[in-house]
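# Commentary on secondary and tertiary structure
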Amino acid sequence: MVEAAPAPEAAEEDPTPIRALVSTSTDPPDDGAGPGRLGRALRSVLRPRRLASMAGLVGLFGLWELYVRLAGVKPIILPPPSRVAVHLAGNLGFYLDNARTTVAEAGLGFVIALAVAMAVATTMVHWPMAERATWPVIVLIQSTPVVVLAPVFMIWLGFGPWPKVLVAALFTFVPFVSNAVTGLRSIDPDAHRVLRSVNASRWQVFWKLRLPSALPALFAAARFCVSLALVGAVVGELYTGSTRGLGYQTRIAQTRSLVDQIWGCIFTLAAIGVIATLITIAIEHRVLRWHPSRANP
């Protein structure tokens, strides 16, 4: 009886450090000096990694500005970033209106490519004969410059948005299908044997095992494909007779020697690509919190 007495104290004290650790890592204490959300936001922005990223961008544009000013480069050859920023601020509505068109085309192409790639990859993983028949077609698509197909899509589909959407989808299809096949096959053999031992159907194995295993590879492809879809939409606007969009406005600016508009479109497209990539990374971190790669943020 005497030796068993300390047991309740150990049971009561044991969860305390765990609760403290969870509280420290997920819910920073609010000392009353300011809103908790504001403090967390400031700490997030002031992380060394993000500060280094911002410092790199500031350094890039600062060196650009300094070079143009000191070397006396004419704006028609290379305008300083400050001039482009002033131009963007004065024509914000123009760029936002055209950006909506380009983003819609790129986004729809991205979704179509992902859906078709998943269907093709699933078929290839489950039926070896389908894989042997499909890979030559995928290699052919990868080896053919999509730019030369843009006028063909315009002949087939007219002057609407669909030629641009199809070009954007082709730009992103091959990375998606390659990563999807790799991800769907990277399953835990022991987990697969367990599911087979309980007579799980192919759909259950796909939903419970293959798809979760493929998510890291799919997100890795998505981080690149968001920019590729944007490139595809711009290429489609350049070569399929568009009347709107950032690609179309770039072509018009080139024919009229509107240097500020050219760089305004470039800056807008770059900003869209960065924002889309950051959104994809944020979704990836949210969805893949369970994955071992997220153990060390």
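Computed from a predicted structure; not experimentally measured. (Residues numbered from 1 in each chain as written. Predicted model: local features only at pLDDT ≥ 70, side-chain atom pairs only at ≥ 80, totals over all residues. Heavy atoms only, no water.)

### Considering the overall build of the chain
Assigned secondary structure in the chain consists of 13 helices and zero strands. Burial statistics for the chain: of 297 residues in total, 33% are counted as buried. When contacts within the chain are restricted to residue pairs at least 6 apart in sequence, long-range pairs at least 24 apart make up 72% of them. (Helix = DSSP H or I, 4+ residues; strand = E, 2+ residues; numbered from the N terminus. Buried < 20%, exposed > 50% of the residue type's maximum accessible area, 1.4 Å probe, protein only. Contact = heavy atoms within 4.5 Å.)

### A word on the nonpolar core
With 42 residues, the main nonpolar core has Phe110, Phe173, Phe176, Val177 and Leu246 as its most contacted residues. Counting only elements with at least two residues in this core, the list comes to α4 (48-71), α5 (81-90), α6 (92-126), α9 (162-185), α11 (202-239) and α13 (259-287). Here this core gets 12 residues from one element, more than from any other, and that element is α11. With near-sequence residues (within four places) excluded, Leu246 lies in contact with Tyr95, Asn98, Ala99, Thr102, Glu237, Cys265, Thr268, Leu269 and Ile272. (Core = buried A, V, L, I, M, F, W, Y, C linked by side-chain atoms within 4.5 Å.)

### What about the packing of aromatic side chains?
In this structure the tally under the stated criterion is 10 aromatic pairs. Taken together, a centroid distance of 5.7 Å and an interplanar angle of 65° make the contact between Trp64 and Phe267 edge-to-face. Residue Trp64 is found in helix α4, and its partner Phe267 is found in helix α13; the two are separated by 203 residues along the sequence. The class of Phe267 is buried, set by a relative accessible area of 19%. (Phe/Tyr/Trp six-rings, centres within 6.5 Å; stacked < 30°, edge-to-face > 60°.)

### Structural notes on α5
Residues of α5 that are buried include every one of Pro81, Val84, His87 and Leu88, and no others. Down the axis of α5, the buried set is contained in an arc of 120°. They therefore lie on one face. The outward face of α5, more than 90 degrees from its buried face, is lined by the exposed residues Val86, Ala89 and Gly90. (Arc of directions from axis to C-beta.)

### Structural notes on the packing of α6 against helix α7 (residues 128-143)
Put simply, α6 and α7 touch, their axes get as near as 6 Å, and they point 135° apart. On the basis of the axis angle, α6 is oblique to α7. Residues Val120, Thr123, Met124 and His126 of α6 pack against Pro128, Ala130, Glu131, Thr134, Trp135 and Ile138 of α7. Tallied by class, the residues present in the contact of α6 with α7 amount to six nonpolar, three polar and one charged. (Axes fitted to C-alpha atoms, helices over the stretch in contact; angles between N-to-C directions. Parallel < 35°, antiparallel > 145°, perpendicular 65-115°, else oblique. Nonpolar A, V, L, I, M, F, W, Y, C, P; charged D, E, K, R; others polar.)

### Notes on the pattern of salt bridges
In this structure the tally under the stated criterion is seven salt bridges. Measuring nitrogen to oxygen at the nearest pair gives 2.9 Å for the salt bridge that ties Arg83 to Asp260. On the criterion of sequence distance, the pair formed by Arg83 in helix α5 and Asp260 in helix α13 is long-range, its members being 177 residues apart. For Arg83, a relative accessible area of 38% corresponds to the partly exposed category. The salt bridge involving Arg100 is made with Asp97; its shortest N-O contact spans 3.5 Å. With Arg100 and Asp97 both in helix α6, this residue pair falls three residues apart, about one helical turn. (Salt bridge = Lys/Arg side-chain N within 4 Å of Asp/Glu carboxyl O.)

### Section: the layout of surface pockets
As a volume, the second largest pocket reaches approximately 260 Å³. Going through the elements one at a time, α6, α11 and α13 are the ones with two or more residues in the lining of the second largest pocket. Counting residues per element, the lining of the second largest pocket draws most heavily on α11, which supplies six residues. Of the residues in the lining of the second largest pocket, the class split is 13 nonpolar, one polar and no charged. (1 Å grid on protein atoms, 1.4 Å probe; cavity = no way out; pocket = protein on both sides within 12 Å on 5 of 7 lines; lining within 4 Å. Points joined across faces, edges and corners; volume = space filled by probe spheres on them.)

### A look at the side chain of Thr101
Note on placement: Thr101 falls in helix α6. When its relative accessible area of 19% is taken as the criterion, Thr101 is described as buried.

### Here we look at a nonpolar patch on the surface
A surface patch of nonpolar side chains, amounting to about 800 Å² of accessible area, comprises Leu108, Ile112, Val116, Ile155, Trp156, Leu157, Trp162 and Leu166. Elements supplying a minimum of two residues to the nonpolar patch: α6, α8 (150-157) and α9. (Patch = residues over 30% accessible without salt bridge, like charges linked within 9 Å, V, L, I, M, F, W, Y side chains within 5 Å. Areas by Shrake-Rupley, 256 points an atom, 1.4 Å probe, with all protein chains shown as cover.)

### Details of the packing of α6 against α13
It is at 11 Å that the axes of α6 and α13 come closest, and there the two elements cross at 50°. For the element pair α6 / α13, the angle class is oblique. Of the two possible hands of crossing, α6 and α13 adopt the one that is right-handed. Across the interface between the two elements, Phe94, Tyr95, Ala99, Thr102 and Val103 from α6 touch Asp260, Gln261, Gly264, Cys265, Thr268, Leu269 and Ile272 from α13. Grouping the constituent residues of the contact of α6 with α13 by class yields seven nonpolar, four polar and one charged. (Left-handed = near helix turned anticlockwise from the far one by under 90°.)

### Looking at the environment of Val148
Relative to the assigned elements, Val148 resides in the loop between α7 and α8. For the pair Val148 and Tyr239, spaced 91 residues apart in sequence, the C-alpha separation works out to 8.9 Å.

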